[in-house]
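As a plain string of letters, each chain reads:
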Amino acid sequence: MELHIKRVFEAFAAEGAPVQADPIKTGHINQTFVVRTDAGGSYVLQQINGRVFPDPEAVIDNKVKVASHIAAKRAGLPEQEFRRRALRFFETRSGGFLHKDPEGGFWNLLNYIEDSRVYLRTPNSKVAREAGRAIATFLKDTEDLDPSALNVTIPRFHSMSLRYSQFDEAVASGSDERKSEAEDLIGRAFELRSEMLSLERRVSEGLIPLRVTHNDTKISNVLFSEDDEALCMIDLDTVMPGVVHYDFGDAVRTICNKGDEDEQDVANVGFDLEYFEAFVKGFFRDSGLDLRSGEAEGLAFSSRVMTFIVGLRMLTDYLNNDIYFDTAYETHNLVRARSQFRLADLIGERLGEMEEIVSRIG
Ligand code: GN1
Ligand code: MG
């Protein structure tokens, strides 16, 4: 095990000495390791990316606040069950939940839930339904937490107007080579601007109430047991005030995609209406979440918006020569953007059916 990781781990008040550290590679931003100790326990050690999150203290503060709020709601469960359904952060030996290493890296430590799994792609309707339940349960668990108690760690994170202005700047400064590779997507983004700004208009007019949202509800952020029961939501880095549409739409983006987020062949991108129906059932029927006034309208449409906004950010990053998302190859962000734009268009074709499902079940 790398000496650096060992030292960082030892800064936390955890039990036992670290014996093994394995990287978890599903995220695009932060570095994460599963650390095993000689005391038999396992932990998740995570470095917060200071370029993406300029105030790591504010991030960990949000994470601890939300995790302990949810854990308090699980307090009645038997110990074994509680341990599998709640995230718990560990303090450092000098106090506080954040450790700053000598190189200026920021770290936090939480429990690792054994015998669990995550999916990058939905394997069946049961998983889609369980994911819907887990995401809505997160929203229900946090509905009595004042959103203004959370720090805004990435201002205007899901603001389409911000993402468009970053895109416009990237088009202005991007290389001719990358712009020509991405010509079709740049054109599509220009065409869709007014439609895509419509959700934000409703948010700015105050027509949708703010609540605590997760803001990164992709399928790989739902933790499952080995028999496919959703245990809890993980990756609380982006918990902030938001609207239900962010979490609903972003969830549909991955849960109902027949392909991967970075599908190389757009022909493999597909929208699965059966998964959507299962997701909506889990979201509404299995969670006990009651929407507030103004929240029901435009939910199906939010799937198109949230799929597009992620694609737009990936396209922008491609034009900026890949400074934000981790990439594995030269055109990775372009490939991601192309598959997300394709999915947004497929969702557009099915919106009528999706709205019918939401109004029947929701
Ligand atoms: C990033 O780092 P990760 O994989 O949890 C991004 C999300 C995107 C997602 C796309 C802070 O999440 O907004 O939806 O990639 N997180 C941040 O997979 O930008
Ligand atoms: Mg995330």
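Residues take numbers from 1 onward in each chain, read along the sequence in its written order. Here every chain gets a letter starting at A, and every ligand a number starting at 1, in the order they are written. Only residues with pLDDT of 70 or above have their local features reported here, since the model is predicted, and side-chain atom pairs are shown and tallied only from 80 upward, although totals for entire chains, interfaces and linings are computed over all residues. Only hydrogens and water are set aside when side-chain values are computed; all heavy atoms of the structure are taken into account.

## A few points about the site of ligand 1
- Around ligand 1 sit 17 residues, and of these Asp216, Lys218, Glu261, Arg313 and Tyr324 come closest.
- At 2.6 Å, a side-chain N or O of glutamate 261 approaches an oxygen atom of ligand 1.
- At a separation of 2.5 Å, an oxygen atom of ligand 1 approaches a polar side-chain atom of tyrosine 324.
- To be clear on the numbers: accessible area is Shrake-Rupley with a 1.4 Å probe, and residue cover counts the displayed protein chains and nothing else. Look at ligand 1: alone it shows 440 Å² of surface, and the protein chains cover 95% of it.
- Secondary structure counts use DSSP, requiring at least four H or I residues in a row for a helix and at least two E residues in a row for a strand, with both numbered from the N terminus. The leading source of residues in the shell around ligand 1 is helix H11 (residues 299–319), at three residues.
- In terms of residue class, the shell around ligand 1 is built from eight nonpolar, three polar and six charged.
- An automatic or database domain assignment provides the domain bounds reported here. Among the domains, domain 1 (3–114) and domain 2 (125–361) are the pair contributing at least three residues each to the shell around ligand 1. For this description, a residue counts as near a given molecule or strand if any of its non-hydrogen atoms is within 4 Å of it. Distance and chemistry together define a polar contact, namely a pair of N or O atoms within 3.5 Å, with one atom able to donate a hydrogen and the other to accept it when in protein, and with adjacent residues in sequence counting only for side-chain atoms on both sides. Polar here means any residue outside two lists: the nonpolar Ala, Val, Leu, Ile, Met, Phe, Trp, Tyr, Cys and Pro, and the charged Asp, Glu, Lys and Arg; Gly therefore counts as polar.

## Things to note about the pairing of strand S1 (residues 18–24)
- Paired strands, as defined in this entry, are two strands with at least two bridges between them according to DSSP. Examined bridge by bridge, S1 and strand S2 (residues 31–37) share six bridges and lie antiparallel to one another. By the bridge assignment, proline 23 is partnered in S2 with phenylalanine 33.
- Connecting the antiparallel pair S1 and S2 is a turn made up of six residues.

## Some words on the coordination of the magnesium ion (ligand 2)
- Coordinating donors are taken as N, O and S atoms within 2.8 Å of the metal, stretched to 3.2 Å for Na, K and Ca; because water is absent from the atoms, sites can appear incomplete. Only Asp216 (OD) and Asp235 (OD) from the protein reach the magnesium ion (ligand 2) as donors, at distances of 2.0 to 2.1 Å. Pair noted here: aspartate 216 is in the loop between strand S8 (211–213) and strand S9 (222–225) and aspartate 235 is in the loop between strand S10 (230–233) and strand S11 (240–242), with a separation of 19 residues, a long-range link.

## Brief notes about the packing of aromatic side chains
- Aromatic pairing here means that ring centres of Phe, Tyr or Trp (its six-membered ring) are within 6.5 Å. Orientation follows from the plane angle: under 30 degrees is stacked, over 60 is edge-to-face, and everything else is tilted. Counted under the stated rule, the structure contains 15 aromatic pairs.
- Between phenylalanine 9 and tyrosine 43, the ring centres sit 5.4 Å apart and the planes meet at 65 degrees, which makes this aromatic pair edge-to-face. Taken together, the positions of phenylalanine 9 in helix H1 (residues 3–10) and tyrosine 43 in strand S3 (residues 42–48) put the pair 34 residues apart, joining distant regions of the chain. The exposure classification of phenylalanine 9 matches that of tyrosine 43, with both residues buried.
- Linked through ring pairs, Phe248, Phe271, Phe276, Phe279, Phe283 and Phe284 together constitute an aromatic cluster. Partly exposed describes any residue whose relative accessible area lies between the buried limit of under 20% and the exposed limit of over 50%, with all areas from a 1.4 Å probe on protein chains only and scaled to the type maximum.

## Observations concerning the sheet that holds S9
- The strand order across the open sheet built from three strands is S7-S9-S10, with neighbouring strands paired in antiparallel fashion. Either end of the sheet is taken by a strand with one partner, and the two such strands are strand S7 (116–117) and S10.

## Describing the packing of helix H5 (residues 160–173) against H11
- Where H5 contacts H11, the two axes come as close as 9 Å, and the packing angle between them is 25 degrees. When the axes of H5 and H11 are compared, the pair comes out roughly parallel. Like other packed secondary-structure pairs, H5 and H11 cross with a definite hand, here left-handed. On H11, the residues touching Met160, Arg163, Tyr164, Gln166, Phe167, Ala170 and Val171 of H5 are Val305, Phe308, Ile309, Leu312, Arg313, Leu315, Thr316 and Leu319.
- Among the residues forming the contact of H5 with H11, the class breakdown is eleven nonpolar, two polar and two charged. A fitted line through C-alpha atoms serves as each axis, taken over the contacting stretch for helices, and the angle formed by two N-to-C directions is quoted from 0 to 180°. Here the word oblique covers every angle except those under 35 degrees (roughly parallel), over 145 (roughly antiparallel) and from 65 to 115 (roughly perpendicular). Crossing handedness is read from the near helix: turned anticlockwise from the far helix by less than a right angle, it gives a left-handed crossing, and turned clockwise, a right-handed one. Note on contacts: a residue pair is in contact if any heavy atoms of the two residues lie within 4.5 Å.

## Considering the pairing of S9
- Taking every second residue as pointing to the same face, both faces of S9 are buried, with Val222 and Phe224 on one and Leu223 and Ser225 on the other.
- Note: S7 against S9, two bridges, orientation antiparallel. Counterpart to serine 116 in the pairing with S9 is serine 225.
- Linking S9 to S10, which pair antiparallel, is a turn of four residues; within it aspartate 228 sits at a positive phi near 65 degrees.

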